[in-house]
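Next come the chains, spelled out residue by residue.
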Amino acid sequence: MMESPQSAPLSMEELHEAWPVLSIDERLEGFRLLPTPVKDDFFLGLSAREQAELILHLEPAERRTWVRLLPPDDLADLVQAVEPEQADSILTQLDDASRREVNVLLAYAEDDAGGLMNPRFARVRPDMTIDEAIGYLRKQARERVETVYYAYVLDAEQHLLGVLSLRQLFQAASDKRVANVMQRDVITVSEDTDQEAVSRLFTEHGFMALPVLDAQQRMKGIVTVDDIVDVVQEEATEDIQKAGGMEALEAPYFEVGFFGMLKKRIGWLLVLFLGQMLTATAMSSFEDEIATAVVLSLFVPLIISSGGNSGSQASTLIIRSLALGEMRLKDWWRVARRELLSGLVLGLVLGVVGLGRILVWNSITGIYGEHALALGITVALSVLGVVTFGTLAGSMLPLLLRRCGFDPASASAPFVATLVDVSGVVIYFTVASLLLRGTLL
């Protein structure tokens, strides 16, 4: 339990460390114990879901203060994090202008640039002098604009003409016109640009903010770098969860209910379980070979795990490269050639190690008898084939899914492993049938 209100104030670091394990009542109590100067920083550092939870448990008079502290884009995130009936109780705390701004943002898809942007940005006119522009920016910063990275030059119809950094403003002669100093070649995004594409632009160019334009090239807002930090974390978390063979969670681990967690996990587990049944079916097709040479079954886990591991590696590499924009669909042939060669080399190395292990162990124990060399070659060639196939399948499946319009992260490592398990059994026993016929078989 948190300390009573009579206790010494908490530090922001102490409350932040304890926050994940506290109940809502303890969070509320701890928040009220924070020193006044740091409360704003702590509240602004919370996720939208945590802010919403806190606000909804405050008294109406307190609620208004904290709601109005947030900029419109953060308010839109907060409203999207609560139930529809709770959203009204938050929106009613806003003034008319702020409510209109938030409602405009809520009309955009959450994952698009329009849903990320802040409609409050610093703007100047092209005919202003530099001194007039600086004075106008100072006025905007006092009244509504909270983030000033760049000054955007707009005409009367709000079309974007150019941009000025604060450094350019202060270095320019005071009597010069904005139009003579501004940079006209501006990188922009449209309202419906996906957040992953926006994050790549920030990474490539090192911007602090990007302007968002509508279809008529009118400026609607800016996406700032702090928003993109959250996007990158969200996208990486989603990809990792999908690669683990489950649906992406929409909330932190402890905030997802027990049955909600089961629902996220059971779907893929059932698919993978049914897929593993195909492995048993494949093995049943070679039951005569297994009955004749039981020793073959000893190496089944080795064979299929080698293929599954190599496939999972390749799948993870390609999924991440697609997410970072390091490759495009038209690069599939380059990827296939590279991964085919990688699979052959990796399979050769593992196959040689497997052959060596069988021969050494047989020389010590004699467990494999006179056919140890033939058995070792069978295992080595099977590993070579399975690893090569696994590497190629693991690299091509994400590209195929992207081509079909699906999320490449759905080509999760467990799914690739299941696919390679079945093919691994077929490759192994086919090689064994060819090489060991007339000896062990």
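About the thresholds
Residues numbered from 1 in each chain as written. Predicted model: local features only at pLDDT ≥ 70, side-chain atom pairs only at ≥ 80, totals over all residues. Heavy atoms only, no water. Phe/Tyr/Trp six-rings, centres within 6.5 Å; stacked < 30°, edge-to-face > 60°. Helix = DSSP H or I, 4+ residues; strand = E, 2+ residues; numbered from the N terminus. Buried < 20%, exposed > 50% of the residue type's maximum accessible area, 1.4 Å probe, protein only. Lys NZ or Arg CZ within 6 Å of the ring centre and 35° of its normal. Pairing = 2+ DSSP bridges.

**Examining the packing of aromatic side chains**
Counted according to the given criterion, the structure contains 10 aromatic pairs. Ring centres of Phe121 and Tyr152 lie 6.0 Å apart, and the angle between their planes is 85°; this geometry places the pair in the edge-to-face category. One end of the pair, Phe121, is in the loop between α9 (113–116) and β1 (123–124); the other, Tyr152, is in strand β2 (residues 150–154), with 31 residues separating them in the sequence. You can call Tyr152 buried: its relative accessible area is 2%. Ring geometry for Trp332 against Trp333: centres 5.6 Å apart, planes inclined by 65°, an arrangement best described as edge-to-face. What makes Trp332 partly exposed here is its relative accessible area of 44%. Members of the aromatic cluster, connected to one another through ring pairs, are Trp19, Phe31, Phe42, Phe43 and Trp66. The positively charged end of Lys39 is found above the aromatic ring belonging to Phe31, 5.6 Å away from the centroid. Directly above the aromatic system of Phe121 lies the positively charged group of Arg123, at a separation of 4.0 Å from the ring centroid.

**Some thoughts on the sheet that holds β1**
Consider a sheet: its strands pair through backbone hydrogen bonds, and that pairing is either parallel or antiparallel. Taken in spatial order, the three strands make up an open sheet running β1-β2-β3, and their pairing is mixed. Since the sheet does not close on itself, it has two edges, and those belong to β1 and β3 (160–165), each with one partner. Inspection of the sheet shows β1 paired to β2 by two bridges, in the parallel sense. Counterpart to Arg123 in the pairing with β2 is Tyr152.

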